[in-house]
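# Commentary on secondary and tertiary structure
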There are 2 protein chains.
Amino acid sequence: MQEVRIYDTTLRDGTQAEDFSLSLEDKIRIALKLDDLGIHYVEGGWPGSNPKDVGFFEEIRKYELKQTQIAAFGATHHPKKTAEADENLRALLAAKTPVVTLFGKSWTIHVREALHTTLNHNLQLIHDSLAYLRPHVKTLFYDAEHFFDGFKEEPEYALSTLAKALEAGAECLILCDTNGGNLPTTIREIMQSVRERFPSAPLGIHVHNDGDLAVANSITAVEMGAVQVQGTINGVGERCGNANLCSIIPNLCLKMNIPCLSSENLKKLRSISRFVLELANIPPSRYQPYVGRSAFAHKGGVHISAVEKNPLTYEHISPELVGNRRRILVSDLSGRATIKRKAEDYGLHLDKSDPVAMQVLEELKDLENQGFQFEAAEASFELLVNRAMGKSKRYFELVGFRVIDQKMDEHNEPVAEATILVKVGGHMEHTAALGLGPVNALDNALRKALEKFYPELKDMELSDYKVRVLPGKEGTAARVRVLIESHDTSDHWGTVGVSHDIIEASWQALVDSINYKMYKSEKHHRKS
Amino acid sequence: MQEVRIYDTTLRDGTQAEDFSLSLEDKIRIALKLDDLGIHYVEGGWPGSNPKDVGFFEEIRKYELKQTQIAAFGATHHPKKTAEADENLRALLAAKTPVVTLFGKSWTIHVREALHTTLNHNLQLIHDSLAYLRPHVKTLFYDAEHFFDGFKEEPEYALSTLAKALEAGAECLILCDTNGGNLPTTIREIMQSVRERFPSAPLGIHVHNDGDLAVANSITAVEMGAVQVQGTINGVGERCGNANLCSIIPNLCLKMNIPCLSSENLKKLRSISRFVLELANIPPSRYQPYVGRSAFAHKGGVHISAVEKNPLTYEHISPELVGNRRRILVSDLSGRATIKRKAEDYGLHLDKSDPVAMQVLEELKDLENQGFQFEAAEASFELLVNRAMGKSKRYFELVGFRVIDQKMDEHNEPVAEATILVKVGGHMEHTAALGLGPVNALDNALRKALEKFYPELKDMELSDYKVRVLPGKEGTAARVRVLIESHDTSDHWGTVGVSHDIIEASWQALVDSINYKMYKSEKHHRKS
């Protein structure tokens, strides 16, 4: 069986994406996750071009990685210098990584117009740079930048760059579609020519997604014998992104019988996909293959009944294999059977004839029609169920709140103040607080009012706050959905609110969050 | 040259996507845009399964389409009925479309477990349904559902369903990868077998994207001779979506020398991609190939200087061909040359040495760092430039505002009231208004205060209001960006505001919107 090794460049090429940036700490955390996932190589950065990357290599050395080898990335030496005198190459060695990946030019246009040198001199640069590195590095890879475009322009020249790299000791020749515009057929034909010229050289593939073909181009290269696949988590990367490892890995493992990750590790795929997006604060695409929230969601009535009978009928793989799950969508459908399934979606096992449970579910449907969405707000959902079942406890009662946002002249930010009156047990508490904006003021006032009764609220914090204006063309009168994510020392939970009034929507989500915290700590006390 | 016709199913299969729904009016508007784009077939719905779809067919008949033929979609007749007695088939004819597309089962599992009938009877269903429709329809297509999975299970049976469809008069056999999990190699091999069996039958392709390979699978089918490609705008569709026509069309036209659209129409691709997302209120993916905002965005310093010298070096196609454009990103870069390019990005041609223009651009960079984003807020940008150039006029001055949001008990919505004091010319105007939420109240109060001075504000309306919580983990104290879209009888314009305080951010965007309206009508008066 062909062995394929995965080379992740999320931390280097991935960070070329617009609106995607990672702190040093983020990069370390991602590298550790990739190690845990069983990725063979993790490219940490380009030490010659970016000082933040130097810090990464220093820091990551402190960790003992189980499965991953860290790679540093850099260019052939400057045309006006020697290899020995090139800071870029020295920085690569200073990174002290087990793997170094050097890229060079394959395309005559780039040699002449970007590098400003001759074709022959470029061959020399490739050779000398690799030969200089060779004695000092355990594993040395060569990225042939723009290889496919270069080959289309001048095949012999492109091949001669590879020959130089092999001669100087590169262990794998990674063929790059840097501009991302080639078709699978082109990849196939050109790899065939490379294979004929270098029958035993290990080949790799690195492609971009400008033609929406990066996954296909990568697996085509594997079919043509590539033993290394470079890509990024979720396909982040410059322009339209790099090849998406979250799609390539399951295609290799589950469709092509090439188990590049263990099946145990493959189950972590969805969670690492989310982890990277969370750190970069990018909303996930629900439609993402394999790992997206909708990837195994069934909406059409025909599909649902068929998939219930035999999942194979409408699912290309079992969602659990990649850590995902099947979801049944209620919209436009109804009937008790669908509602029962929806309940199971939320982990609620109910008898179809239980009237209380049916009432919960009717309420749920009604709320969803109003724009509530409980998938990311499990805490609000749990409270809703408790309430309908008569099991909920009231920790406090709102008598009223008033939020004032006042701007005194054009050039200053407004001042936001909230006053709140709540009843806790028999006691009335009236407090006020300022805040950065009206919602923050309300949040501050509510906590101030409650913390003296419930000191455990002090270890609870809001970690995220999201606002979505709901469909409809009503300008500033549109309804909004607020999602709040909270955490304490042991848990994370999400709550939701919907209203025309953003303060009211935020209030609903805040109240749920606090109630959930109280309910959770009470459950905990009862247990212990 | 091979002729390929494009069959769009955004309005039918596309609406199976989670969180994607279209009103009847939306569907009509999209159909007209697709006609304008030159799409050959537009599938409008499944009249037998959805009453909304019946309305679509009635309505679209009133329009004279230039380039598109409308198709109605339906299933083979019910196994317990005859074709003549099947409401589904009757509904198809009642739709009175020039094209009918009928789908049938190719996969034995589906015949037995979903249709609950015998393999032979299914062949009969396919034949009888098509034969019943044939005399009444101008163009009749057959969608072989699950064809590739069916072929893998029982090749002879799958082929025999196609034979029945041909025999009954289907003009094109569309092979479907309904579960979306097949690899290009599989598509290629199976199409080869189909071609051998039916050397002259016109074939089509309809695939889903569960393996992240839908675009590749579609163009592979074209390489194997398919003359019809089915897909959706932006690849919307059930689970991970259908094949994305916004990628397939340019791949065919620009890479495979198959001009399925004219080059004039191809330039509309980006705008139709946005149009569909706007109607469905789905945020566009900036990384989308060809049409995404980042698809031709250059961030790395090396890339920027190279792409300036010769666009070919880092762009697989010229962005204008699909109605997109190159963008140079400022982040992490600086220097006057980059800033000059950024200015050109906003259509501002400036001399590098002009101090005023340089000041505008410094301010712009500063605002972008704060989270402002002017791409969708050209009006705010234009005002910013005018201001810095000393050309702006003040239509009113804010003395102060106060917004009060008051909730009197737990069970009622709060009441939102805004008071505002503005100075217009020498006159002070003090007004108050209620609203659906604090932002709406402020909006109402501001208009009330200004309309008596500027009656032209009456024909201006807010058409959209968006809130985005900006990166950072500060809970309810996070900064928000508000985008407001306004229109009057002749124009649309966008404005932006950023603050920790959502009311302040909304205020900024509201004020810009009103100022822009005044500025615009003054310019107009001067001209006329």
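Definitions and cut-offs
- Residues numbered from 1 in each chain as written.
- Chains lettered and ligands numbered in written order.
- Predicted model: local features only at pLDDT ≥ 70, side-chain atom pairs only at ≥ 80, totals over all residues.
- Heavy atoms only, no water.
- UniProt positions renumbered as here; feature names shortened; annotations may be inferred.
- Axes fitted to C-alpha atoms, helices over the stretch in contact; angles between N-to-C directions.
- Helix = DSSP H or I, 4+ residues; strand = E, 2+ residues; numbered from the N terminus.
- Left-handed = near helix turned anticlockwise from the far one by under 90°.
- Contact = heavy atoms within 4.5 Å.
- Nonpolar A, V, L, I, M, F, W, Y, C, P; charged D, E, K, R; others polar.
- Buried < 20%, exposed > 50% of the residue type's maximum accessible area, 1.4 Å probe, protein only.
- Pairing = 2+ DSSP bridges.
- Polar contact = N/O pair within 3.5 Å; in protein donor to acceptor, adjacent residues only side chain to side chain.
- Buried area = accessible area lost by both parts, 1.4 Å probe.
- Salt bridge = Lys/Arg side-chain N within 4 Å of Asp/Glu carboxyl O.
- Parallel < 35°, antiparallel > 145°, perpendicular 65-115°, else oblique.
- Least-squares fit on C-alpha atoms with pLDDT ≥ 70 in both.
- Core = buried A, V, L, I, M, F, W, Y, C linked by side-chain atoms within 4.5 Å.

Identification of chain A as Citramalate synthase from Desulforhabdus amnigena is taken from an unreviewed UniProt entry. Turning to chain A, the UniProt annotation filed under Pathway (unreviewed entry) states: "Amino-acid biosynthesis; L-isoleucine biosynthesis; 2-oxobutanoate from pyruvate: step 1/3."

Residues and elements named next belong to chain B. At a minimum axis separation of 10 Å, helix α9 (residues 214-223) and helix α10 (residues 245-255) run at an interaxial angle of 40 degrees. The two elements α9 and α10 cross, and the hand of that crossing is right-handed. Side by side, α9 and α10 meet where Val215, Ser218, Ile219 and Val222 of the first sit next to Ser247, Ile248, Asn251 and Leu252 of the second. Of the residues that constitute the contact of α9 with α10, the class distribution is five nonpolar, three polar and no charged.

With that settled, the discussion passes to unusual backbone geometry. Phi at His116 of chain A takes a positive value of approximately 55 degrees, unusual for a residue other than glycine. Locating His116 of chain A in the fold gives a position in the loop between α4 (108-113) and α5 (119-133). Its relative accessible area of 55% is what places His116 of chain A among the exposed residues. Non-glycine residue Lys96 of chain B carries a positive phi angle of around 50 degrees. Structurally, the position occupied by Lys96 of chain B is in the loop between α3 (87-94) and β4 (99-105). Judged by its relative accessible area of 60%, Lys96 of chain B falls in the exposed class.

Moving on to the sheet that holds strand β16 (residues 492-499) of chain A. Residue and element names in this part refer to chain A. What the three strands build is an open sheet, ordered β14-β15-β16; its pairing is antiparallel. Each end of this open sheet is capped by a strand with a single partner; those strands are β14 (461-469) and β16. Taken pair by pair, the neighbouring strands of this sheet meet at an average axis angle of 15 degrees, ignoring direction. As defined by bridge partners, strand β15 (residues 480-487) adjoins β16 across eight bridges and the pair is classed as antiparallel. Bridging across to β16, Val480 finds its partner in Ser499.

Tracing the chain through its elements places Glu410 of chain A in the loop between β11 (397-407) and β12 (415-424). Sequence spacing of Glu410 of chain A and Tyr41 of chain A is 369 residues, and the spatial spacing of their C-alpha atoms is 55 Å. At 2.6 Å, the side chain of Glu410 of chain A and the side chain of Arg394 of chain B are in polar contact.

For the rest of this paragraph, the subject is the interface of chain B and chain A. Contacts between the two partners involve 110 residues from chain B, matched on the other side by 110 residues from chain A. Between chain B and chain A, a total of about 9,400 Å² is buried, with carbon and sulfur atoms accounting for 51% of that surface. Summed over the shared surface of chain B and chain A, the result is eight salt bridges. Where Arg394 of chain A meets Glu410 of chain B, a salt bridge forms, and the shortest distance between an N and an O atom there is 2.6 Å. Seen at the junction of chain B and chain A, the total is 40 residue pairs in polar contact (both at pLDDT 80 or more). Ranked by the residues each element gives to the side of chain B that touches chain A, the list is headed by strand β11 (residues 397-407) of chain B, at eleven residues. Grouping the amino acids of the side of chain B that touches chain A by side-chain chemistry returns 45 nonpolar, 33 polar and 32 charged. Here seven bridges tie β11 of chain A to β11 of chain B, and the two strands are oriented antiparallel to one another. When the bridges of β11 of chain B are listed, Lys407 of chain A appears paired with Phe401 of chain B.

Residues and elements named next belong to chain A. Relative to each other, helix α1 (residues 24-37) and helix α12 (residues 269-280) sit at 175 degrees, their axes nearing to 11 Å. As far as their axial angle goes, α12 and α1 are roughly antiparallel. Packed against α1, whose contacting residues are Asp26, Arg29, Ile30, Lys33, Leu34 and Leu37, the element α12 presents Leu269, Ile272, Phe275, Val276 and Leu279 at the interface.

Here the focus is the sheet that holds β11 of chain B. Taken in spatial order, the six strands line up as β13(A)-β12(A)-β11(A)-β11(B)-β12(B)-β13(B) in an open sheet, and their pairing is antiparallel. Two strands bound the open sheet, and with one partner strand each, they are β13 (427-435) of chain A together with β13 (427-435) of chain B. Each neighbouring strand pair of the sheet contributes to a mean axis angle of 10 degrees, computed without reference to strand direction. Summarising the sheet, β11 of chain B and strand β12 (residues 415-424) of chain B pair through nine bridges and their orientation is antiparallel. Bridge pairing in β12 of chain B links Leu398 of chain B to Val422 of chain B. Packing against the sheet, helix α17 (residues 438-451) of chain B makes contact with β11, β12 and β13 of chain B, and its axis sits at approximately 145 degrees to β13 of chain B.

Let us now look at the relation of the copies chain B and chain A. Between the two copies, chain B and chain A, the superposition gives an RMSD of 0.5 Å; the rotation angle is 180 degrees and the shift along the axis is 0.3 Å. When the rotation and shift are considered jointly, the pair of chain copies conforms to a two-fold rotation axis. Closest approach to the rotation axis within chain B is made by the C-alpha atom of Ile404 of chain B, at a distance of 2.4 Å. Interface residue correspondence from chain B to chain A reaches 99%, placing this contact among same-surface, isologous pairings.

This brings us to the nonpolar core. Formed by 186 residues in total, the largest nonpolar core has its most connected members in Phe147, Leu162 and Leu252 of chain A together with Phe147, Leu162 and Leu252 of chain B. With near-sequence residues (within four places) excluded, Leu252 of chain A lies in contact with Val4, Ile6, Ile219, Val222, Asn257, Ile258 and Cys260 of chain A. Counting residues in each nonpolar core, the second largest holds 86 residues, with Leu442, Met460 and Leu462 of chain A together with Trp507 of chain B among its members.

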